[in-house]
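Structural overview
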Amino acid sequence: MLKLSSAQIARIICMLILIVCVKPSLAVQLTVSLPNNVTANADYRTGEAEKPVVFLLHGFMATHNLNIIQIMADELESQGYSVIAPTLSLKINNRHSGANCDAVHTHTMESDIEEIAWWVGWLKSKNYKDIVMAGFSTGGLQVAIYLSRNNPDIIKKAVLVSPCLLYTSDAADDQGLV
């Protein structure tokens, strides 16, 4: 007969609790080729088919690895939602890290919105019927701009988390902000 010490039994119990209680992430790191021949990346997690997919967009110069995006993705996944969190390429091939503010930027708001539209199309191609879009900071602004120009029936709700607002000097002056 196998004899275990109390410390060994405690370790086995802890391991069993971890196995039962900790759900491993089903995240897949996607790498895709965009129409502009730039490679882009995303964190993709599949959930329950009857729930909408949640599209999470990071803030300016960040990636899908931004802490708040990962925390939201983890929580949504634990609730059974599918999640896509793309990293906008900023026209940088295979971008995995935040971009330096001092760097020369060749992307525009227009190119970022086109990329968001591409990802929405990708979700449609995977037969998702309901999307909830959520954007953090500049990602919130980009979601709002995307939805103001494109109103696909597939987008059911939008959540803007600490949305960034951009003002032109004329608009800011008109509103007494300068």
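Given the structure is predicted, the values throughout are model-derived calculations rather than measurements. Numbering of residues starts from 1 in every chain and runs along the sequence as written. Local features are withheld for residues below a pLDDT of 70 in this predicted model, meaning they are given only at 70 or higher, and side-chain atom pairs are given and counted only at 80 or more; totals for whole chains, interfaces and linings count all residues. Neither water nor hydrogens contribute to the side-chain values; these are computed over all heavy atoms in the structure.

Turning our eyes to something else, we now look at the pairing of strand β1 (residues 28-33). Taken residue by residue, a regular strand's side chains alternate between the two faces of the sheet. The pairing of β1 with strand β2 (residues 39-45) spans six bridges and is antiparallel. By the bridge assignment, Val28 is partnered in β2 with Tyr44. At least two DSSP bridges between two strands are needed for those strands to be called paired. Helix and strand definitions here come from DSSP, where helices need a minimum of 4 consecutive H or I residues and strands a minimum of 2 consecutive E residues; each element is numbered from the N-terminal end. Joining the antiparallel neighbours β1 and β2 is a turn of five residues, in which Asn37 adopts a positive phi near 65°.

This part takes up the environment of Val120. Within the secondary structure, Val120 sits in helix α3 (residues 109-125). Sequence separation of Val120 and Ile154 is 34 residues, and the distance between their C-alpha atoms is 8.8 Å. Excluding residues that lie within four positions of it along the chain, Val120 makes contacts with Phe55, Ile131, Met133, Tyr146, Ile154 and Ile155. The contact criterion used throughout is that any non-hydrogen atoms of two residues lie within 4.5 Å.

With that settled, consider helix α4 (residues 138-149). Residues that lie three or four places apart on an α-helix share one face, since the helix turns once every 3.6 residues. Any helix carries an expected span of 1.5 Å times its number of residues minus one. If you check α4, its first and last C-alpha atoms are 17 Å apart, about what 12 residues at 1.5 Å a residue would give, namely 16 Å. Every buried residue of α4 is listed here: Thr138, Gly139, Gly140, Leu141, Gln142, Val143, Ile145 and Tyr146. Whether a residue is buried, partly exposed or exposed follows from its accessible area with a 1.4 Å probe, protein chains only, as a fraction of its type maximum: under 20%, in between, or over 50%, in that order.

Buried residues dominate strand β4 (residues 82-87), accounting for six of its six residues. Burial along β4 is two-sided: Ser82, Ile84 and Pro86 and Val83, Ala85 and Thr87, pointing in opposite directions, are all buried. Here strand β3 (residues 53-57) pairs with β4 via three bridges, running parallel. Paired with Phe55 across the two strands is Ile84, which belongs to β4.

Each Phe, Tyr or Trp ring (for Trp, its six-membered ring) is paired with any other whose centre lies within 6.5 Å, and the angle between the two planes then decides the class: stacked below 30 degrees, edge-to-face above 60, tilted in between. In total, this model carries three aromatic pairs according to the counting rule given. Here Trp118 and Trp119 contribute two aromatic rings whose centre-to-centre distance is 5.0 Å and whose plane-to-plane angle is 90°, an arrangement assigned as edge-to-face. The exposure class assigned to Trp118 is partly exposed, which follows from its relative accessible area of 24%. Taking the centre distance of 6.1 Å and the plane angle of 65° together, the rings of Trp119 and Trp122 count as edge-to-face. Of this pair, Trp119 and Trp122 both sit in helix α3, three residues apart, which is roughly one turn of the helix. Residues Trp119 and Trp122 agree in their burial class; the two are buried. Members of the aromatic cluster, each reached through a chain of ring pairs, are Tyr44, Trp118, Trp119 and Trp122.

Let's shift gears to unusual backbone geometry. With a phi angle near 70°, Asn127 is a residue other than glycine that sits in the positive phi range. If you trace the backbone, Asn127 turns up in the loop between α3 and β5 (131-136). The class of Asn127 is exposed, set by a relative accessible area of 57%. Positive phi, normally seen in glycine, also occurs at Ser162, with a value near 45°. Looking at where Ser162 falls in the secondary structure, it is placed in the loop between β6 (155-161) and α5 (169-174).

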